[in-house]
Amino acid sequence: MWILFAFASALFAGLTAILAKCGVRRADSTVATAIRTIIVLAFSWGMVFLTGAQSGLGAVGGRTLLFLVLSGLATGASWLCYFRALQLGDVNKVTPVDKSSTVLAILLAFVFLREPISVYKALGMLGVGAGTYLMIEKKAAGKLEKQSGLWLPYALGSAVFASLTAILGKLGISGVDSNLGTAIRTCVVLVMAWAMVFAAGKGPALKAVPREELGFICLSGLATGASWLCYYRALQDGPASVVVPVDKLSILVTVAFSGLVFHEKLSRKAALGLALLTGGTLVMLRG
């Protein structure tokens, strides 16, 4: 059953990227992240009370709470980097870099969770790495500055923190209902996101968020909440080194919708990269 939750997580994560891109065309990315966290928090706790998981609050130990908090901090950092990258670059380029966190997550799972790296996983990691490299193309001269390489450091930061999120989340939901664990860590993300807004002096930017973009930000929050619930339910029962690669197949959803919504086209080189990335991810599932 956990594999179905992993694929559902991928679907909703792919929709999140497109909806979020629509919501940060003019709105400040940090402010947008903070707003959507409110939606995710409400969604998460709604699921907790709907399933009766709140009864397990008293059973959350100190170690579990620590890892949930750390996972929340890593998630907040990943979000801030990811949505800044989306604001600066094309979805088709930002997403592959973010999804390359699969490789680092598998390495971290080997070190901290003692999950073995089989031949298939090793081959898959090579495919994901090569595919990501091919999909990061340099823009032709004369393009707008926002399409320059400024997005790349933020996308790399998003990937690093996303891999940490997976490992810390796996450690934090041991023996705890996945819905409850997701809701607790979302509280941490909320505090971090809004602290960044006010620390950067971006409070006034809240009033400047266009109404139509606010709708997309809220929808992206709902998609994120659904993705999280599926993702951590899958992590609770399945190995992190398999759940994470399946979740990263969301890139197929993202690329498909980016073509329909933003008319972003893949070159032959980028298409080959997407094929390698997808093939590498599927190969990992055999390991």
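Up top is the structure.
Cut-offs used in this document
- Residues numbered from 1 in each chain as written.
- Predicted model: local features only at pLDDT ≥ 70, side-chain atom pairs only at ≥ 80, totals over all residues.
- Heavy atoms only, no water.
- Helix = DSSP H or I, 4+ residues; strand = E, 2+ residues; numbered from the N terminus.
- Rg over C-alpha atoms; globule rule 2.2 N^0.38 Å.
- Buried < 20%, exposed > 50% of the residue type's maximum accessible area, 1.4 Å probe, protein only.
- Contact = heavy atoms within 4.5 Å.
- Areas by Shrake-Rupley, 256 points an atom, 1.4 Å probe, with all protein chains shown as cover.
- Lys, Arg positive; Asp, Glu negative; His and termini not counted.
- Charge placed at Lys NZ, Arg CZ, Asp CG, Glu CD.
- Salt bridge = Lys/Arg side-chain N within 4 Å of Asp/Glu carboxyl O.
- Expected span 1.5 Å × (residues − 1).
- Arc of directions from axis to C-beta.

**Topic: the overall build of the protein**
Assigned secondary structure in the protein consists of twelve helices and zero strands. Expected size for 287 residues packed as a compact globule is a radius of gyration near 19 Å; at 18 Å, the protein falls within 12% of this value. Dimensions along the principal axes, computed over C-alpha positions, put the protein at roughly 60 × 50 × 30 Å. Buried positions account for 54% of the 287 residues belonging to the protein. By sequence separation, contacts in the protein at least 24 residues apart represent 91% of the contacts at least 6 residues apart. For the protein, the accessible area works out to roughly 12,400 Å², and carbon and sulfur atoms hold 70% of it. Taken together, the 25 basic and 12 acidic charged side chains of the protein have centroids lying 3 Å from each other.

**Observations concerning the pattern of salt bridges**
In this structure the tally under the stated criterion is five salt bridges. The partner of Asp90 in a salt bridge is Lys93, with the nearest N and O atoms 4.0 Å apart. What makes Lys93 buried here is its relative accessible area of 10%. The partner of Arg233 in a salt bridge is Asp237, with the nearest N and O atoms 2.2 Å apart. Linking Arg233 with Asp237, this pair stays in helix H9 (residues 211-237), spanning four residues, or about one helical turn. Residue Arg233 is classed as partly exposed on the basis of its relative accessible area, which comes to 28%.

**Focus on helix H12 (residues 268-284)**
If you check H12, its first and last C-alpha atoms are 24 Å apart, about what 17 residues at 1.5 Å a residue would give, namely 24 Å. Looking only at H12, the buried set comprises Ala270, Gly273, Leu274, Leu277, Thr278, Gly280, Thr281 and Met284. Angular distribution of buried residues about the axis of H12 spans 160°; they occupy a single face of the element.

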